[in-house]
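# Per-entry structural report
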Amino acid sequence: METTFIPRSLGQPGFLSEVRAFLAVSRREWIIFTRYPSWIIALFIWPLIFPMMYILTARALSGPDGSGLAVFIATTGATDYIGYIIVGTTVWMWQNIVLWDVGFALRNEQMRGTLESNWLTPTWRFSYLLGQTGPQIISMAMFVGITALEFGLLFGVRLNGSPWMIGLMMLAAIPAIYGLGFAFASLVITVKEANAFVFLIRGMVMIFCGITFPVAILPGWMQSFAKWLPQTYLIHGMRAAAFTNAGIKELLPDLLPLLSFGAFWLAVGYFTFLWLERRARKTGAIGQY
Amino acid sequence: MQLSTLSQPSLKTYLRALFVIARKDWKVFWRYPLNALSSVFQPIIWITPVYFMGKAFSTNGQAAGFAAYSGTGDYMSYILVGTVLSNFIMTVFWGMGYALKNDMDAGVLESNWLTPIPRLLILVGRTLTSILTTTITSATMLILASLLFGFKPTGSTFAALLTAIPMLVGLYGFGFAFAGIVLLMREANTLVDVGSFLVQGFSGTNFPIQSLPYWLIPISLMLPLTYGLDAVRGLLLKTNTLLPISTEIAILLFSMFVMLWIGAQIFHRVERKVRTLGTLGQH
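What you see is a predicted model; the values in this text were computed from it and never measured.

So, on to the overall build of chain B. Tallying secondary structure elements over chain B gives eleven helices and zero strands in all. Reading the secondary structure of chain B in the N-to-C direction produces α-α-α-α-α-α-α-α-α-α-α. Computed over the C-alpha atoms, the radius of gyration of chain B is 20 Å, within 12% of the 19 Å expected from 2.2 N^0.38 for a compact globule of 283 residues. Each of the 283 residues in chain B was classed as buried or not, and the buried ones make up 46%. In chain B, once contacts between residues fewer than 6 apart in sequence are set aside, the share between residues at least 24 apart is 80%.

Right, let's talk about helix α11 (residues 230-243) of chain A for a bit. Compared with the 20 Å implied by 1.5 Å per residue over 14 residues, the 20 Å span of α11(A) between its first and last C-alpha is a close match. For α11(A), the tally of buried residues reaches 13 of 14 residues, placing the bulk of the element in the interior.

Here we take up the interface of chain B and chain A. Each partner contributes to the interface: chain B provides 39 residues, whereas chain A provides 40 residues. Of all the elements in the fold, those that place two or more residues in the side of chain B that touches chain A are α2 (33-56), α3 (64-70), α4 (75-106) and α8 (189-202) of chain B. If one sorts the elements of the side of chain B that touches chain A by residue count, α2(B) sits on top with 14 residues. Within the side of chain B that touches chain A, the residues separate by chemical class into 24 nonpolar, twelve polar and three charged.

Our focus in this paragraph is the nonpolar core. Of all hydrophobic cores here, the largest spans 150 residues; its most connected members are A:Met169, B:Ile89 and B:Ala179. The element best represented in this core is α4(B), accounting for 19 residues. Contacts of B:Ala179, omitting those with residues within four sequence positions, involve B:Met96, B:Gly97, B:Leu100, B:Leu123 and B:Phe267.

The next point concerns the packing of α11(A) against helix α12 (residues 248-283) of chain A. Residues and elements named next belong to chain A. Relative orientation of the contacting elements α11 and α12 amounts to 150°, with a least axis distance of 9 Å. Comparing the axis directions of α11 and α12 gives the class roughly antiparallel. Crossing geometry of α11 relative to α12 is assigned as left-handed. Where α11 abuts α12, its residues Pro230, Tyr233, Leu234, His236, Gly237, Ala240 and Ala241 lie against Glu250, Leu251, Asp254, Leu255, Pro257, Leu258 and Phe261. Here the residues of the contact of α11 with α12 are counted per class, giving ten nonpolar, two polar and two charged.

Now for the environment of B:Val182. With respect to the helices, strands and loops of the structure, B:Val182 is situated in helix α7 (residues 157-185). Taking C-alpha positions, B:Val182 is 15 Å from B:Met90, a pair spaced 92 residues apart along the chain.

Moving on to the confidence of the model for chain B. Residues and elements named next belong to chain B. With 95% of its residues at a pLDDT of 70 or more, chain B shows a mean pLDDT of 85. Across chain B, the element-wise mean pLDDT spans from 76 in α8 up to 92 in helix α10 (residues 224-237). Scoring of the predicted complex yields 0.77 for pTM and 0.77 for ipTM.

The rules behind each value
- Residues numbered from 1 in each chain as written.
- Chains lettered and ligands numbered in written order.
- Predicted model: local features only at pLDDT ≥ 70, side-chain atom pairs only at ≥ 80, totals over all residues.
- Helix = DSSP H or I, 4+ residues; strand = E, 2+ residues; numbered from the N terminus.
- Rg over C-alpha atoms; globule rule 2.2 N^0.38 Å.
- Buried ≥ 20, exposed ≤ 12 C-beta atoms within 10 Å, placed from the backbone.
- Contact = placed C-beta atoms within 7 Å.
- Expected span 1.5 Å × (residues − 1).
- Nonpolar A, V, L, I, M, F, W, Y, C, P; charged D, E, K, R; others polar.
- Core = buried A, V, L, I, M, F, W, Y, C linked by C-beta atoms within 7 Å.
- Axes fitted to C-alpha atoms, helices over the stretch in contact; angles between N-to-C directions.
- Parallel < 35°, antiparallel > 145°, perpendicular 65-115°, else oblique.
- Left-handed = near helix turned anticlockwise from the far one by under 90°.
- pLDDT = per-residue confidence, 0-100.

Shown next as structure tokens:
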């Protein structure tokens, strides 16, 4: 009698198992995040000290008699230069943290030597990246809340706009910011040491998106380039949502491009992951560092 | 029977160890050329928002408000000097604290610790390459920034360079203490970033400390770096200084010895504690 043996995977992939994998990765990331006590410093000190450098420079530029400030108000239309700077720098920090945390998620696995063993599990591989975003979004929400609280208490910055509109702008920005992070994470598997790319991307946000100044002050070609960066719309929309009575109608010119960029970057992130992950397996680079 | 160690420490072996550490770091640095390139452009990227922000505060290219504090309306030259010096400040912080974290992660810290070399020498060795590469990249950055934003030194470059030396040597004290803290806390990124940012901020890298809120000025005055940055700018750009330049140089020289001694003491104590706890190789 002839017996046939059909190789069968021990894994039983299904929707629930994918959710479980996603939660397991999220839980692991949360444990790592809270394992190092310096996260408290990061959460409480960073929101304060990074904008402070620009705020204090702006204070020096204002002069003891506030003559420079009058010029700034005339140029930007913003009376509260501290609030103006905080919104820009917070958006920059958000993108920066996502690039380091989500962008280096797989690279960190490579460095720890766990990427190959994780890749052997019968799990949807993209969940390793998605799992990173859960704790990341929670910590970022805390980060933004703490920023508002600290500057409100210490510098009297008041968010006169609607908190719902601020939340809406942030939600609309998630696909673009994290999509970029996914694309970046996939790239890092192949190019390994990618610090320079983080510097490049966050540098573009810093130079072109008007984190501390109005985009209108840039030369024409720089303004044209700024229109291709989702963070430009996020910063502009967030300033309007936080300090004016702007509603959805007023925010639409920022929301629509932001959502379009979000769809684009999520698609780019996902397909880049599929392509580069497959390429890394074929070239044997998956576990190399 | 007399027990003796196999190692034969001498000045020559110490110098050889320093050379080997520096050579290894040099190889690693140039192995990733993109990182080298980014270290040139990174400072330019950081100061670009300040350049445009300064324009929003200026009339006809002159920041009158800034001039009232510093004695010069050329805020970009002021900031560029601060940026170059802060590159070196960062180098000492990163060079030691972050190098230890890298060794922890790579699992080589314990084996390096077993070599018959003074641990402070290992720390100093880790900064040699970075000081050299920082000099190269800062010079390149300054040339590029001069073309983009303009840089107009009006004073003595040689005197400014001489004044910067005791400031940088004193920074090693900071770096030793910081490396000890990294050993203890086993996490470097946040500590290094926050530490560097605070020190640079309070010492007036980008702005005259006279513009700080009055309750923050005493913190600035306690940092020797404040006097270093102030004296270098005073000599190079002829800006208003907090104290007479000769007094600031005397403070720098005195604080250099004090900082080195205190930093080394802190490092030795923490390092001993970490070895006692058995957590040296953990990360």
